[in-house]
Amino acid sequence: MSEDTRNTAARQSRTDPPALLPPTGPLVLEPEEVRQLWSFVHGDIMEPGLRSILRASLGLCPRHTWGYAVVEIELWQTGAGARAGHQPFDVTILYEDLLEHVAAGLDRPAGLLHRHPERILVPTAPCRICTEMAGPEHTGLRMGYAGSDTAALTDEANTLEHTRAWCRQTAPVWRGRVCPACDPDPDPDPDRGQQDPVRRCRAHLAALGPLEETVRGAVAARLRAIRSRMLRLTESMTERGAPAGPEEDASWIEALGFFAGWGPPLALSQ
């Protein structure tokens, strides 16, 4: 990518509206996005009070949710676990918390205090990365985290080498669990097709409006099942954790598919 193209994309990223819609294909991240996300991975997430902010925003916007995973998987080169790096460790920690947050909200009985429990599916705060990207435009060289070469990191992230491998290896597990409204090739079975709200991602579920209690309960149970498998995946990426199996390896893709749509893994698994 030429320097002129980078600069144009960076300017556009500050003027375009936030990426609220789920991405429909593989991401091509811009240098400023990688700079912000690489800093986020390295410790911004540990700032006091940020966890409550991330619950309000339901993590990051769809584009930067998948971008967060791509940056961590492609650029993080060391660690415990079978892959010894190139793993979504920080991603699983954040999104397992958000899975329980949303499940607990859906489980609340509708009443005076929680008239519409399904509103837990709609963010009430903006994406942290979008907010940073919308700040004043800077001129000249901007240093990355710890003086890192942002341009080189961007090129490396955009290969999607390790993210593509995760998606392809786990596709047999998650392919039948894709949101039918995100799926370009949905299951023809009417019991599992467009009429099934339980498999829908967050955005397409929220678009249905008020949900029956049984539907909310079923979605909450599904989210907790994903969270349970993702907790085991997180443990597998530590020195004492047991190795992860296919169900655990697919869990982070299911979690991000729910929060941010299924476009990237569907495209990368082809």
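Attention in this report is confined to the structure presented alongside it. (Residues numbered from 1 in each chain as written. Predicted model: local features only at pLDDT ≥ 70, side-chain atom pairs only at ≥ 80, totals over all residues. Heavy atoms only, no water.)

### As for the nonpolar core
The condition is simple: For the purposes of this section, nonpolar cores are sets of buried Ala, Val, Leu, Ile, Met, Phe, Trp, Tyr and Cys residues that join through side-chain atoms within 4.5 Å. Think of it in three bands: with a 1.4 Å probe and only protein chains considered, a residue is buried below 20% of the maximum accessible area for its type, exposed above 50%, and partly exposed in between. Any two residues having at least one pair of non-hydrogen atoms within 4.5 Å are treated as being in contact.
Judged by nonpolar contacts, the single largest core of 66 residues is most densely connected at Leu-60, Tyr-68, Tyr-95, Val-102 and Trp-252. For Val-102, the contacting residues outside a window of four places in its chain are Leu-58, Ile-120, Leu-121, Leu-223, Phe-258 and Phe-259.

### Some details on the environment of Phe-258
Heads up, the condition is: Secondary structure elements are defined from DSSP: runs of H or I of at least 4 residues count as helices, runs of E of at least 2 residues count as strands, and each element is numbered from the N terminus.
Here Phe-258 shows up in helix α11 (residues 246-260). In sequence terms Phe-258 and Cys-201 are 57 residues apart; their C-alpha atoms lie 4.1 Å from each other. The contact partners of Phe-258, leaving out residues within four places of it in the chain, are Val-102, Leu-121, Arg-200, Cys-201, Arg-202, Leu-205, Val-219, Arg-222 and Leu-223.

### Some words on the packing of helix α4 (residues 62-75) against helix α8 (residues 161-174)
Basically, it comes down to this: A fitted line through C-alpha atoms represents every axis, and for helices the fit uses only the stretch in contact; the resulting angles, taken between N-to-C directions, go from 0 to 180 degrees. For classification purposes, an angle smaller than 35 degrees is called roughly parallel, one larger than 145 roughly antiparallel, one from 65 to 115 roughly perpendicular, and anything else oblique. Nonpolar residues are Ala, Val, Leu, Ile, Met, Phe, Trp, Tyr, Cys and Pro. Charged residues are Asp, Glu, Lys and Arg, and all others, Gly as well, are polar.
Contact geometry for α4 and α8: axes closest at 7 Å, N-to-C directions at 105 degrees. Classified by the interaxial angle, the pair formed by α4 and α8 is roughly perpendicular. For the pair α4 and α8, contact is made by Val-70, Ile-73 and Glu-74 and by Glu-161, His-162, Thr-163 and Trp-166, respectively. Among the residues forming the contact of α4 with α8, the class breakdown is three nonpolar, two polar and two charged.

### Points about helix α2 (residues 31-41)
For α2, the buried fraction is high: 11 of the 11 residues fall into the buried class. The set of residues buried in α2 consists of Pro-31, Glu-32, Glu-33, Val-34, Arg-35, Gln-36, Leu-37, Trp-38, Ser-39, Phe-40 and Val-41. Following α2 by one or two positions, Gly-43 has its phi on the positive side, about 150 degrees.

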